[in-house]
Amino acid sequence: MYATANKKMLNMLILQILEEHSDANNKLTQQDIIRFLRLNYGMECDRRSVKNNVLYLKELGYDISMEDGYYLATRRFEDAELRMLIDSVLFSKNLTQRQAKTLIEKLCAMGNRHFVAKVKHISNLPDLAHADNKQLMYVLDTINDAIAEKKKIRQYVMTSTL
């Protein structure tokens, strides 16, 4: 729990509430946000504080709609994009069952509670054919590092010859 006197964190807590509980179809009122702050973080505030902190977040560049309720209008990933990534992981034969499950859980965590409820059935899917190669992620990371290093070397050679 957070100290109730620590109002400095209020805007970040409001952002977290908007990320977890809101979308265009599930808008939050100021009272909803106040209730989540009290229940989840032990934080007390009034409706003016909610509005002011949302305005601060908007000034910082967060796309928050304030019409007919509050919701985070732009997210890192849209629900359809997350679902596409989850499906790609599900049917990837290069991941172990455990790796696929862990990655799907991480992808689900990037959506809000309403998205998670829509993809809850994924955990009940039958076991699909997956590889037993547990080192695949490490190999992919090493390959990625090598490609990045090669690009750095090429850039250095290009700039030093000019």
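See above for the structure.
Residues numbered from 1 in each chain as written. Predicted model: local features only at pLDDT ≥ 70, side-chain atom pairs only at ≥ 80, totals over all residues. Heavy atoms only, no water.

## Considering the overall build of the protein chain
No. 1: Counting secondary structure elements, the protein chain contains seven helices and two strands.
No. 2: Mapped from its N terminus to its C terminus, the protein chain presents α and β elements in the order α-α-α-β-β-α-α-α-α.
No. 3: Across the protein chain, the fraction of contacts at a sequence separation of at least 24, relative to all contacts at a separation of at least 6, is 65%.
No. 4: Accessible area for the protein chain stands at about 11,400 Å²; split by element, carbon and sulfur atoms hold 54% of it. (Helix = DSSP H or I, 4+ residues; strand = E, 2+ residues; numbered from the N terminus. Contact = heavy atoms within 4.5 Å. Areas by Shrake-Rupley, 256 points an atom, 1.4 Å probe, with all protein chains shown as cover.)

## Observations regarding the environment of Val89
No. 1: Among the secondary structure elements, Val89 is positioned in helix 4 (residues 79-90).
No. 2: You can call Val89 buried: its relative accessible area is 9%.
No. 3: Considering only alpha carbons, one finds Val89 and Lys101, 12 residues apart in sequence, at a separation of 8.6 Å. (Buried < 20%, exposed > 50% of the residue type's maximum accessible area, 1.4 Å probe, protein only.)

## Structural notes on a nonpolar patch on the surface
No. 1: A cluster of nonpolar side chains, Met12, Leu60 and Tyr62, forms an exposed patch at the surface whose accessible area comes to about 300 Å².
No. 2: Taking the relative accessible area as the measure of exposure, Leu60 reaches 61% and is therefore exposed. (Patch = residues over 30% accessible without salt bridge, like charges linked within 9 Å, V, L, I, M, F, W, Y side chains within 5 Å. Salt bridge = Lys/Arg side-chain N within 4 Å of Asp/Glu carboxyl O.)

## Section: the packing of aromatic side chains
No. 1: A full pass over the atoms with the stated rule returns zero aromatic pairs.
No. 2: If you follow Arg35 out to its NZ or CZ, it ends over the ring of Phe36, 5.0 Å from the centre. (Phe/Tyr/Trp six-rings, centres within 6.5 Å; stacked < 30°, edge-to-face > 60°. Lys NZ or Arg CZ within 6 Å of the ring centre and 35° of its normal.)

## Description of the side chain of Asn11
No. 1: Relative to the assigned elements, Asn11 resides in helix 1 (residues 10-21).
No. 2: Not counting chain neighbours up to four residues away, the residues in contact with Asn11 comprise Asn53 and Leu57.

## Re the packing of helix 1 against helix 2 (residues 30-41)
No. 1: The N-to-C vectors of helix 1 and helix 2 enclose an angle of 105°; their axes lie 10 Å apart at closest approach. The pairing of helix 1 with helix 2 is recorded here as roughly perpendicular in orientation. Here Leu10, Leu13, Ile14, Gln16, Ile17, Leu18 and His21 of helix 1 lie close against helix 2, whose contacting residues are Ile33, Phe36, Leu37, Asn40 and Tyr41.
No. 2: Partitioning the contact of helix 1 with helix 2 into residue classes produces nine nonpolar, three polar and no charged. (Axes fitted to C-alpha atoms, helices over the stretch in contact; angles between N-to-C directions. Parallel < 35°, antiparallel > 145°, perpendicular 65-115°, else oblique. Nonpolar A, V, L, I, M, F, W, Y, C, P; charged D, E, K, R; others polar.)

## A word on the packing of helix 1 against helix 3 (residues 47-59)
Geometry of a packed helix pair, given as the angle between the helix axes and the separation of the axes.
No. 1: Packing of helix 1 against helix 3 leaves a shortest axis separation of 9 Å and a crossing angle of 85°. On the basis of the axis angle, helix 1 is roughly perpendicular to helix 3. Residues Leu10, Asn11, Ile14 and Leu15 of helix 1 touch helix 3, and the partners they reach there are Ser49, Val50, Asn53, Val54 and Leu57.
No. 2: Class assignment of the residues belonging to the contact of helix 1 with helix 3 gives a composition of six nonpolar, three polar and no charged.

## A short note on unusual backbone geometry
No. 1: Of note, the phi angle at Asp68 is positive, near 55°, even though the residue is not glycine.
No. 2: With respect to the secondary-structure elements, Asp68 resides in the loop between strand 1 (64-65) and strand 2 (71-72).
No. 3: For Asp68, a relative accessible area of 73% gives the class exposed.

## Details of helix 3
No. 1: Taking 1.5 Å as the rise per residue, helix 3 with 13 residues should run 18 Å; its terminal C-alpha atoms sit 19 Å apart, in good agreement.
No. 2: Looking only at helix 3, the buried set comprises Val50, Asn53, Val54 and Leu57. Down the axis of helix 3, the sector holding all buried residues measures 105°, keeping them to one side. Counted as exposed and oriented over 90 degrees from the buried face of helix 3: Arg48 and Glu59.
No. 3: After helix 3 finishes, the residue Gly61 shows a positive phi value of roughly 110°. (Expected span 1.5 Å × (residues − 1). Arc of directions from axis to C-beta.)

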